[in-house]
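Listed here are the chains, written in short residue letters.
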Amino acid sequence: MKKLITLITIFLFTTPHLLADNLKFSNSENGFLGMWTFDIDGGGIGWLNVHQEGDYLDAELLWIGGSVTPVSHVYLADENTLVVTRTNEVKRNDTRKHTITSTLRITRNGDEITGTMTGPHWDGPGENVSTIKGKRLAPVGPAPDLSQVKYGKKIKLFNGKNLNGWRPIDPKKANGFKVEDGQLVNNPVQPKDGHHISYGNLRTEQEFEDFNLKLEVNVPKGNNSGIYLRGLYEIQVVDSYGKPLDPHNMGALYSRITPSEGAEKPAGEWQTLDITLVDRHVTVIFNGKKIIDNQPVDGPTGGAISSDVFAPGPIYLQGDHGNVAYRNIVLTPVL
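The shown structure was predicted, so the numbers you read here are calculated from the model rather than taken from an experiment.

Asker: Before we go on, may I ask you to explain the overall build of the protein chain in this structure?
Answerer: A count of helical and extended segments in the protein chain gives one helix and 22 strands. When the backbone C-alpha atoms are referred to their principal axes, the protein chain occupies close to 95 × 55 × 35 Å. Counting every position in the protein chain, which comprises 335 residues, the buried fraction comes to 41%. Counting only contacts in the protein chain whose residues sit at least 6 apart along the sequence, the fraction spanning at least 24 positions is 58%. Just so you have it, the protein chain exposes about 17,800 Å², and 52% of that area is on carbon and sulfur atoms.

Below, the structure is given as structure tokens:
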């Protein structure tokens with residue numbers, strides 16, 4: 001009996017201290033706070049933003065493609081280990097859905113991270129395992145004074161005759177781009193037998209730092225493409241005429257910046273884009289209307305080909321989604 005009383009006494013006196021220690025740990029300086037970019041083995045890049053919200057951690061994740069999305073959960077396993085989970089629902093039949101959970105376990109060494117993402121295969125038995133390696137991403141910083149920006153000589157990226165100066169990003173994939181009537185046209189035709197052909201993206205041979213890019217684009221009804229700035233940031237190209245404002249609409253910085261207003265023309269009409277990228281800030285003038293005004297870009301968008309937001313990169317055009325035509329593509333580099 002005396003032993004039991006002693007144990008209860010120890011529990012009552014030590015538990016508040018243990019709880020306090022745990023609370024102190026959870027609210028202590030967290031070395032994972034902030035933004036990170038990383039390369040994923042097998043191809044693709046990722047981006048993670050970790051932030052403290054009151055008494056809990058939260059985060060947003062970009063994994064290879066698609067949108068930046070809130071994570072399902074994030075927590076510190078210890079001061080140098082962060083665990084992130086993401087979930088997706090898969091419909092099995094009319095009455096059954098599965099929630100697929102993938103777990104990203106990250107180890108930090110200063111401003112560098114390594115980690116492993118594990119989860120079940122989507123369409124069969126077994127497990128997907130991917131490793132990552134990345135670095136802390138410096139804050140974007142203040143918006144540049146665009147009135148003070150000086151430009152170099154204009155570069156005509158498309159000559160209207162052939163694909164000189166352009167090449168597929170992945171030569172193993174089909175190329176749907178060709179030149180017709182002075183236009184750079186993409187038509188990723190799929191066979192009627194249901195066999196899916198994977199089409200690739202088209203990039204400039206040249207790589208650029210900051211710049212202004214002007215072009216014209218024509219998107220048929222229901223179609224979709226994208227213009228990647230330095231291979232990092234997608235300006236969305238899609239038939240979104242008449243739709244409510246959304247970060248996936250025409251002229252948006254895909255899943256990151258919503259246009260301030262809708263400026264689309266009906267599908268099938270030629271439209272103009274005037275895009276400026278300076279110091280990780282983007283301005284978009286769409287059909288003569290400024291829909292993104294010198295806004296900061298926190299990180300890459302889905303489909304980016306590099307995790308290094310400070311390195312030069314190409315202009316690349318998305319080729320695997322649908323029909324689109326471009327013309328009068330002119331880039332003016334920032335000096």
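Asker: Sorry if this is basic, but what is going on with the nonpolar core here?
Answerer: Among soluble globular proteins, nonpolar side chains are generally buried collectively. Counting 46 residues, the largest nonpolar core has Leu-213, Val-217, Ile-227, Leu-229, Val-284, Tyr-326 and Ile-329 as the members making the most contacts within it. Listed by contribution, the elements that provide at least two residues to this core are strand 2 (45-53), strand 15 (211-218), strand 16 (224-229), strand 17 (233-238), strand 18 (270-278), strand 19 (281-286), strand 20 (289-296) and strand 22 (324-333). Excluding residues within four positions of it along the chain, Ile-329 makes contact with Ile-155, Lys-156, Leu-157, Phe-158, Trp-166, Leu-184, Leu-213, Lys-214 and Leu-215. Ranked by size, the runner-up nonpolar core spans 20 residues in total, among them Phe-38, Ile-40, Leu-104 and Ile-113.

Asker: It is not clear to me how the pairing of strand 12 (residues 177-180) should be interpreted in this structure. Could you clarify?
Answerer: The two faces of the sheet receive side chains in turn, since in a regular strand these alternate between them. Taken together, the four bridges between strand 12 and strand 13 (residues 183-186) define a ladder with antiparallel strand orientation. Within the sheet, the bridge partner assigned to Glu-180 lies in strand 13 and is Gln-183. Once strand 12 ends, the chain turns through two residues before running back antiparallel as strand 13, passing Asp-181 with a positive phi of about 50°.

Asker: Is there a simple way to explain the sheet that holds strand 11 (residues 166-168) in this structure?
Answerer: Strand pairing in a sheet relies on backbone hydrogen bonds. The paired strands run either parallel or antiparallel. Taken in spatial order, the five strands line up as 11-14-21-16-17 in an open sheet, and their pairing is antiparallel. With one partner strand each, in any of the chains shown, strand 11 and strand 17 form the two edges of the open sheet. For strand 16 and strand 21 (residues 316-317), the ladder comprises two bridges, and the chain directions are antiparallel. Across the sheet, residue Tyr-228 finds its bridge partner in strand 21, namely Tyr-316.

Asker: Even after reading the chapter, I still don't get the pattern of salt bridges, so can you show me in this structure?
Answerer: Side chains that carry opposite charge are capable of pairing whenever their charged atoms lie near each other. Per the counting criterion, the structure on display carries ten salt bridges. A salt bridge links Lys-97 to Glu-89, with the shortest nitrogen-to-oxygen separation between them at 3.7 Å. The exposure class assigned to Glu-89 is exposed, which follows from its relative accessible area of 57%. Between Glu-207 and Arg-203 there is a salt bridge, with the nearest N and O atoms lying 3.3 Å from each other. Judged by relative accessible area, Arg-203 falls into the buried class, the value being 9%.

Asker: Sorry, what's going on with unusual backbone geometry here?
Answerer: With the exception of glycine, most residues fall at negative phi, and the peptide bonds are largely trans. The backbone of Arg-230 shows a phi angle near 55°, a positive value even though the residue is not glycine. Within the secondary structure layout, Arg-230 lies in the loop between strand 16 and strand 17. Its relative accessible area of 7% is what places Arg-230 among the buried residues. Located in the positive-phi region is Ser-255, a residue other than glycine, with phi close to 65°. Here Ser-255 is to be found in the loop between strand 17 and strand 18.

Asker: What is the right way to read the pairing of strand 17 from this model?
Answerer: Most of strand 17 is tucked away, with six of its six residues classed as buried. Residues Tyr-233, Ile-235 and Val-237 line one face of strand 17 and the alternating positions Glu-234, Gln-236 and Val-238 line the opposite face, and both faces are buried. Across six bridges, the pairing between strand 16 and strand 17 is antiparallel. Across the sheet, residue Ile-227 finds its bridge partner in strand 17, namely Ile-235.

Asker: Help me understand the sheet that holds strand 4 (residues 65-70), please; the structure alone is not making it clear to me.
Answerer: Pairing within the open sheet is antiparallel, and its nine strands lie in the order 4-3-2-1-9-8-7-6-5. With one partner strand each, in any of the chains shown, strand 4 and strand 5 (73-78) form the two edges of the open sheet. Within this sheet the neighbouring strands show an average axis-to-axis angle of 25°, counted without direction.

Asker: Would you mind going over the environment of Phe-208 with me for this structure?
Answerer: Here Phe-208 is to be found in the loop between strand 14 (202-204) and strand 15. Residue classification places Phe-208 among the buried residues on the basis of a relative accessible area of 5%. The residues touching Phe-208, leaving out its near neighbours within four places in the chain, are Ile-155, Leu-157, Arg-230, Pro-312, Gly-313, Ile-315 and Leu-331.

Scoring rules and cut-offs
Residues numbered from 1 in each chain as written. Predicted model: local features only at pLDDT ≥ 70, side-chain atom pairs only at ≥ 80, totals over all residues. Heavy atoms only, no water. Helix = DSSP H or I, 4+ residues; strand = E, 2+ residues; numbered from the N terminus. Buried < 20%, exposed > 50% of the residue type's maximum accessible area, 1.4 Å probe, protein only. Contact = heavy atoms within 4.5 Å. Areas by Shrake-Rupley, 256 points an atom, 1.4 Å probe, with all protein chains shown as cover. Core = buried A, V, L, I, M, F, W, Y, C linked by side-chain atoms within 4.5 Å. Pairing = 2+ DSSP bridges. Salt bridge = Lys/Arg side-chain N within 4 Å of Asp/Glu carboxyl O. Axes fitted to C-alpha atoms, helices over the stretch in contact; angles between N-to-C directions.

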